Amino acid sequence: MGGFGRYLAAALAARITSEGMGMAVVLLALERTGSAAHGAFVLTAWLAPHVLAAPLAGAAAARARRPRLFHAGALAGFATAVAALTVLLGRAPVPLVLTVAVLGGSCGPMVTGGLSSLITGLVPAGPGRDRAYGWDAATYNAAAVTAPAAVGLVTALGSAGPAMAVLAASGALAAALAATLPYEDQGAGPVPGAPRAGLGAGLTALWRVRELRAVTAATTLGFVGIGSLTTVSVLLAAELGSPGGGGVLMTAFAVGALGGSLTLGRITSVESGRLVRWALAGTGAALAAAAFAPSVAVTAALFALAGVCDGPLLTATLRIRARYAPDGVRTQVFTLGAGLKVTAASTGAALVGFAADAPAAALLTGIAGLLLASALLHALTAVREPGRPGRPARTGATEPSAGSATTAAGPRTPEGP
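Predicted model only: the values in this text are computed from it and were never measured.

Definitions and limits used
Starting afresh in each chain, residues are numbered from 1 along the sequence in its written order. With pLDDT at 70 or above as the cut-off, local features in this predicted model cover only qualifying residues; side-chain atom pairs require 80 or more to be listed or tallied, and sums for whole chains, interfaces and linings still use all residues. Remark: hydrogens and water are excluded; side-chain values derive from all non-hydrogen atoms of the structure. Secondary structure elements are defined from DSSP: runs of H or I of at least 4 residues count as helices, runs of E of at least 2 residues count as strands, and each element is numbered from the N terminus. Residue burial is assigned from relative accessible area. The probe radius is 1.4 Å, only protein chains are included, and a residue is buried under 20% of its type maximum, exposed over 50%, and partly exposed in between. We call two residues in contact when some of their heavy atoms are within 4.5 Å. What sets the accessible areas is the Shrake-Rupley method with a 1.4 Å probe; for residues, cover comes only from the shown protein chains. Pairs were defined over the aromatic rings of Phe, Tyr and Trp, the Trp ring being its six-membered one, requiring ring centres within 6.5 Å. Orientation was assigned from the angle between planes: stacked under 30 degrees, edge-to-face over 60, tilted for the rest. Charges are assigned to positions over rings by a cutoff of 6 Å between ring centre and Lys NZ or Arg CZ, combined with an angular limit of 35 degrees from the ring normal. Expected helix span is given by 1.5 Å per residue-to-residue step, counting one fewer step than there are residues. The bend at a residue is defined as the angle formed between two axes, one fitted to the seven residues ending at that residue and one fitted to the seven starting there. The convention used is that axes are lines fitted to C-alpha atoms, helices contributing only their stretch in contact, and that angles between N-to-C directions extend from 0 to 180 degrees. By definition, any crossing whose near helix is turned counterclockwise from its far helix by less than a right angle is left-handed, and any crossing with a clockwise turn is right-handed. Here the term charged refers only to Asp, Glu, Lys and Arg, the term nonpolar to Ala, Val, Leu, Ile, Met, Phe, Trp, Tyr, Cys and Pro, and the term polar to all other amino acids, Gly among them. Side-chain atoms within 4.5 Å link the members of a nonpolar core, which is a set of buried Ala, Val, Leu, Ile, Met, Phe, Trp, Tyr and Cys residues. Note: pLDDT gives the predictor's confidence per residue, expressed from 0 to 100.

1. Focus: the overall build of the protein chain
At step 1: Across its full length, the protein chain carries 17 helices and two strands.
At step 2: Out of the 417 residues belonging to the protein chain, those deemed buried represent 51%.
At step 3: Summarising the internal contacts of the protein chain: among those between residues at least 6 apart in sequence, 83% fall at separations of at least 24.
At step 4: Total accessible area computed for the protein chain in this model is approximately 17,000 Å², and 69% of it derives from carbon and sulfur atoms.

2. Focus: the side chain of Thr86
At step 1: Here Thr86 lies in helix H4 (residues 67–88).
At step 2: Residue Thr86 is classed as buried on the basis of its relative accessible area of 11%.
At step 3: Excluding its chain neighbours within four sequence positions, the residues that come into contact with Thr86 are Leu28, Arg32, Arg91, Gly161, Met164 and Ala165.

3. Concerning the packing of aromatic side chains
The description of two aromatic rings rests on the distance between their centres and on the angle between their planes.
At step 1: Counting across every chain of the model gives three aromatic pairs.
At step 2: Taken together, a centroid distance of 5.9 Å and an interplanar angle of 15° make the contact between Phe4 and Tyr7 stacked. A residue pair is termed a helical-turn pair when its members lie 3 or 4 positions apart in one helix, as Phe4 and Tyr7 do in helix H1 (residues 3–33) at three residues.
At step 3: Judged by its relative accessible area of 0%, Tyr7 is buried.
At step 4: Judged by centre distance (6.5 Å) and plane angle (20°), the rings of Tyr133 and Phe334 are stacked. With Tyr133 in helix H8 (residues 127–157) and Phe334 in helix H16 (residues 330–354), this residue pair connects regions lying 201 residues apart in the sequence. Just as Tyr133 is buried, Phe334 falls in that class too.
At step 5: The ring of Trp207 is capped by Arg213, whose NZ or CZ atom sits 4.9 Å from the centre of that ring.

4. Thoughts on H8
At step 1: Its 31 residues give H8 an end-to-end C-alpha distance of 45 Å, which sits within 8% of 45 Å, the value for a rise of 1.5 Å per residue.
At step 2: By the largest-angle criterion, Ala143 marks the main kink of H8, which is about 25°.

5. Focus on the packing of helix H15 (residues 296–324) against H16
When two helices pack together, their arrangement is given by the angle between the helix axes and the distance between those axes.
At step 1: Close contact between H15 and H16 brings their axes to 10 Å; oriented N to C, the two are set at 145°. As H15 runs across H16, the sense of the crossing is right-handed. Taken together, the residues of H16 that come into contact with H15 (itself represented by Leu314, Leu318, Arg321 and Ala322) are Arg330, Val333, Phe334, Gly337, Ala338 and Lys341.
At step 2: The residue inventory of the contact of H15 with H16, partitioned by class, reads six nonpolar, one polar and three charged.

6. Here's the deal with the nonpolar core
At step 1: Ranked by internal contacts, the top residues of the largest apolar core, which has 50 residues, are Tyr7, Met21, Trp46, Leu75, Leu85 and Met164.
At step 2: When residues in this core are grouped by element, the largest group, 11 residues, is from H1.
At step 3: In terms of nonpolar packing, the next biggest core, distinct from the first, is built from 47 residues, Phe253, Ala300, Ala325 and Leu371 among them.

7. Considerations on the confidence of the model for the protein chain
At step 1: For the protein chain, the mean per-residue pLDDT works out to 83, and 87% of the residues sit at or above 70.
At step 2: Within the protein chain, the element-level pLDDT minimum falls on strand E2 (residues 413–414), averaging 31, and the maximum on helix H14 (residues 272–290), averaging 96.
At step 3: Contacts of residues 185–195 to residues separated by more than four positions or lying in other chains number 13 contacts, the stretch itself having pLDDT below 50.
At step 4: Low confidence marks residues 385–417, where pLDDT is under 50. Its contacts with residues over four positions away, or in another chain, come to 60 contacts.

8. Side note on the environment of Gly121
At step 1: Counting through the fold element by element, Gly121 comes out in helix H7 (residues 119–122).
At step 2: Along the sequence, Gly121 and Tyr183 sit 62 residues apart, while their C-alpha atoms lie 7.7 Å from each other.

9. Here we look at the environment of Ala72
At step 1: You can see Ala72 is positioned in helix H4.
At step 2: Ala72 gets classed as buried once you look at its relative accessible area, which sits at 12%.
At step 3: Residues Ala72 and Ala176, spaced 104 residues apart in sequence, show a C-alpha to C-alpha distance of 6.9 Å.

10. What about H15?
At step 1: The end-to-end C-alpha distance of H15 is 42 Å, a good match for the 42 Å that 29 residues give at a rise of 1.5 Å each.
At step 2: Across the 29 residues of H15, 23 count as buried, placing the element largely inside the fold.

Put into structure tokens, the structure is as follows:
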């Protein structure tokens, strides 16, 4: 298996662990304590550190003199925390359990953006790297489909404890595979004599580089809606007369997203920013239609269509980050972007909890509105001055990074204020 093949295997294994935690923690808490709320608190502690740990993880990865040890160690810490929660949840004092969850969640940014940032060193610049980001995005969607199903199956055959153990083993496999990646060929680690990027350098890049600012703002807003979609799907299915149909709707969305990432996400002829807008607008339009569907079957079909539209969104986002992130802060940009989206999704889940008494169709319309607003936000913030033939580029622009998928002849990026 080549370097990129091992990377995909590691990424899929790590993201299966991450995607399965939401269901497994709640099921294990319910099994041992009789309270799903206990699991919700542990899950909150697991997710909360993402946005705070993201700049720290990114800066540490950029400065690591032994990147293999750092990346494999972060994944090993992630897996160890899952294994510890398997033993401690419902048996140990709550503060200890929450502490373990916070520590494990702090490794989360390396499972998402931290891993994706490695692709620039594994695949040469060009269309091949763009397609590689499509495959990377597919690992998220594949994990979203397989992880809940695996957790549900193992729990049904035994209990939630073995299901958590399977997730821990998947995380350990990811760590072992990450230790075999060719980091030395990537020029990973700090460059001798180069200035070190501070903890705020990634956030500065997200703000100053217009394309990064636009895609981060748009996807963060959109994920406030996506984060509440699971809860709303359960409420919507119940209103349509199928109390257990929420899982069907979300499975349809996940399968559609996997198909979209493997098909539309591999298109390299469409500019990534335009693909972001199309994906957000298409997802919003399909969910808006689903709010008025007369049955679970029709709603599931529209959820699948929404998933197909959502599939290429992550691919396009990863391409933009790789293309415009400065070399010294690329990992910070990836981890921060992922952390902000996780935090936005958590915020959306909390907001819909306060509005759970509202009609589900109205809530789904609100989610669709957020996604359409995200597409509009990206269109407004990513607009650049049209070039004039025969005129030199502005000197205030910044080039895509040298290690990106775009060569120095690519478009310039005007800096933000």
